[in-house]
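# A look at the structure
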2 protein chains.
Amino acid sequence: MGKGGQPRVLLVEDEPAQRTVLAYNLEAEGFAVTQADNGEDAMVLVDEEEPDIIILDWMMPKVSGIEVCRRLKMRPETRGIPIIMLSARAEEVDRVRGLETGADDYVVKPYSVLELMARARAQLRRVRPSTAGVVLEHEDIRLDPESHRVYRADKVLKLGPTEFKLLVTLMERPGRVFSREQLLDLVWGRDIYVDTRTVDVHVGRLRKSLMQFGGADPVRTVRGAGYSLG
Amino acid sequence: MGKGGQPRVLLVEDEPAQRTVLAYNLEAEGFAVTQADNGEDAMVLVDEEEPDIIILDWMMPKVSGIEVCRRLKMRPETRGIPIIMLSARAEEVDRVRGLETGADDYVVKPYSVLELMARARAQLRRVRPSTAGVVLEHEDIRLDPESHRVYRADKVLKLGPTEFKLLVTLMERPGRVFSREQLLDLVWGRDIYVDTRTVDVHVGRLRKSLMQFGGADPVRTVRGAGYSLG
DNA sequence: TTCACCTGTTACATATCCGTCGCATATGCG
DNA sequence: CGCATATGCGACGGATATGTAACAGGTGAA
């Protein structure tokens, strides 16, 4: 990771408005952002900045995102950098081609900014398992995404799949309040239509699971806003 | 959207039955809906109502949806408003043309109302992402929108949802005097029928909350004008 | 098949908050 | 000073958000 501790992201997107919004959010999330609005600049900046991850728009003038992706994945010294592709509207063909060229993940516009950043963090964790991030910790709760296990005060907790994903999401940004809609997006998925009250039920179940061996309730309800950890 | 109120949607659809159903559902989902049944009215209402998002029928008498979309995307002050196009025809040609004219998303009739609203929410999140990373401060009051927490002299304050939104609004421009009407607009939402005296009551409650552990009253009453911070 | 487990929805109880009213108090003005 | 109006604030009935048990399916393993 970058010298200063912040993960470096190279953001390549030709549409200024979208790029600005994304850059703003990435910086707010603790990324060091380098921007490019075309593929040629991007290729140069990859060498100059040595980003930890690349977010790449599919459609761009001159050198397209696909082409940039393909080239980077051919060079041994850049192959290891995770690439997340952005694309407008999802023909299945595109999705396949995107992954075929070696992209590590693929996000369809319009995307949830939250989700995009969650995926970026996931990619970073995948590539950089040595750094902090393998195991999420918050107070006496420890979560190992690898083994899918959750501990509290050294006891192994048993939770269902949805509870687990919910906890992962909350633990990735302790303190941050997630609205029910955001949680539906992040945990259930963007195109799943489920009543928002379902979130309440699962939060309740997660709470019970987290407290099955005692301990305080680590989940905070923020009336009118959502839930957060701590 | 105002700072805390409902997101405003402009619904443009010439077929009354469809428009009514959609409006009903959008309102049930917490949107403030303005309706138009033709492109000309729509253009006017965009300026008058400043919607956060526009749902636009493709086929309409006089000025078509495509045309409205094209015009709006040409004007800098309206370009940022997300537009979701509705169309009865699903030919690929249309899809392409729809996105080419600058629409941000595209839904083909017959559509699932749930899906349409999920997409509307997705667009809103994209354009107006949460106020991330910014911590508002004024004298010894600190407000973190992300964690939804308010501190005064390092103690955590407990305030209700409306008090919170009110404080956010005031803290975003310390010193500025907000009239009761402006506060109703910004905190409660545009077309909410509420007595202006309600603002007084909530300012009172906010004051009490801010002083629950002592300290001076940070809210200034400007007789005949409104309230401000500091 | 049965069984154990998980899921999303519903219904209801409860806690919390909201908006309004009434009256007290403060302010400005002639 | 006395009056008119603006603001402060306690109290109350009702609205709304949340917690949670119960239920009816769904899934996959044995």
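Residues numbered from 1 in each chain as written. Chains lettered and ligands numbered in written order. Predicted model: local features only at pLDDT ≥ 70, side-chain atom pairs only at ≥ 80, totals over all residues. Heavy atoms only, no water.

### Looking at unusual backbone geometry
Residue and element names in this part refer to chain A. Here is the rule: Under the scheme used here, helices are H or I runs from DSSP no shorter than 4 residues and strands are E runs no shorter than 2 residues, and both carry numbers assigned from the N terminus. We call a residue buried when its accessible area falls under 20% of the maximum for its residue type, exposed when it is over 50%, and partly exposed in between, using a 1.4 Å probe and counting protein chains only.
Phi angles above zero are rare outside glycine, and glutamate 139 is one such case at about 50°. Within the secondary structure layout, glutamate 139 lies in the loop between β6 (136–138) and β7 (141–144). Judged by relative accessible area, which is 63%, glutamate 139 ranks as exposed. Not every positive phi belongs to a glycine, and alanine 153 is a case in point at roughly 50°.

### Let's talk about the pattern of salt bridges
Counted only if it meets this: Think of a salt bridge as a Lys or Arg side-chain nitrogen and an Asp or Glu carboxyl oxygen that are within 4 Å of each other.
For the structure shown, the criterion picks out 16 salt bridges over all chains. A salt bridge links Asp200(A) to Arg197(A); the nearest nitrogen and oxygen atoms lie 3.4 Å apart. Of the two residues, Asp200(A) and Arg197(A) both sit in helix α9 (residues 197–210), three residues apart, roughly one turn of that helix. Exposure remark for Asp200(A): the relative accessible area of 18% places this residue in the buried category. Close ionic contact of Asp154(B) with Arg142(B) constitutes a salt bridge, the shortest N to O distance being 3.7 Å. Residue Asp154(B) is located in the loop between β8 (149–152) and β9 (155–157), and its partner Arg142(B) is located in strand β7 (residues 141–144); the two are separated by 12 residues in the primary sequence.

### Considerations on the protein's contact with DNA strand D
Short version of the rule: Any residue with at least one heavy atom within 4 Å of a molecule or strand is counted as near it. For the purposes of these results, a polar contact is taken to be a pair of N or O atoms within 3.5 Å, where, inside protein, one atom must be able to donate a hydrogen and its partner to accept one; residues adjacent in sequence count only when each atom of the pair is a side-chain atom.
Around DNA strand D, 23 residues are found, and the nearest of them are Thr221(A), Tyr227(A), Thr221(B), Gly224(B) and Tyr227(B). Each atom of DNA strand D within 4 Å of the protein belongs either to a base or to sugar and phosphate, the latter forming 51%. A distance of 2.7 Å is found between a phosphate oxygen of DNA strand D and a side-chain nitrogen or oxygen belonging to Thr221(B). Measuring from a phosphate oxygen of DNA strand D, one finds a side-chain N or O atom of Tyr227(B) at 2.7 Å. Elements with a minimum of two residues in the surface near DNA strand D: α9 and β10 (219–222) of chain A together with α9 (197–210) and β10 (219–222) of chain B.

### A word on the protein's contact with DNA strand C
Selection rule: Classification convention: Asp, Glu, Lys, Arg as charged; Ala, Val, Leu, Ile, Met, Phe, Trp, Tyr, Cys, Pro as nonpolar; all other residues, Gly among them, as polar.
Residues in close proximity to DNA strand C total 23 residues, the closest being Thr162(A), Thr198(A), Thr162(B), Thr198(B) and Arg205(B). Of all atoms in DNA strand C that approach within 4 Å of the protein, 62% are sugar or phosphate atoms. A distance of 2.9 Å separates a phosphate oxygen of DNA strand C from a polar side-chain atom of Trp188(A). Taken together, the elements giving at least two residues each to the surface near DNA strand C come down to α7 (161–172) and α9 of chain A together with α7 (161–172) and α9 of chain B. Looking at the surface near DNA strand C residue by residue, the classes come out as eight nonpolar, seven polar and eight charged.

So yeah, pure geometry; function would need other evidence.
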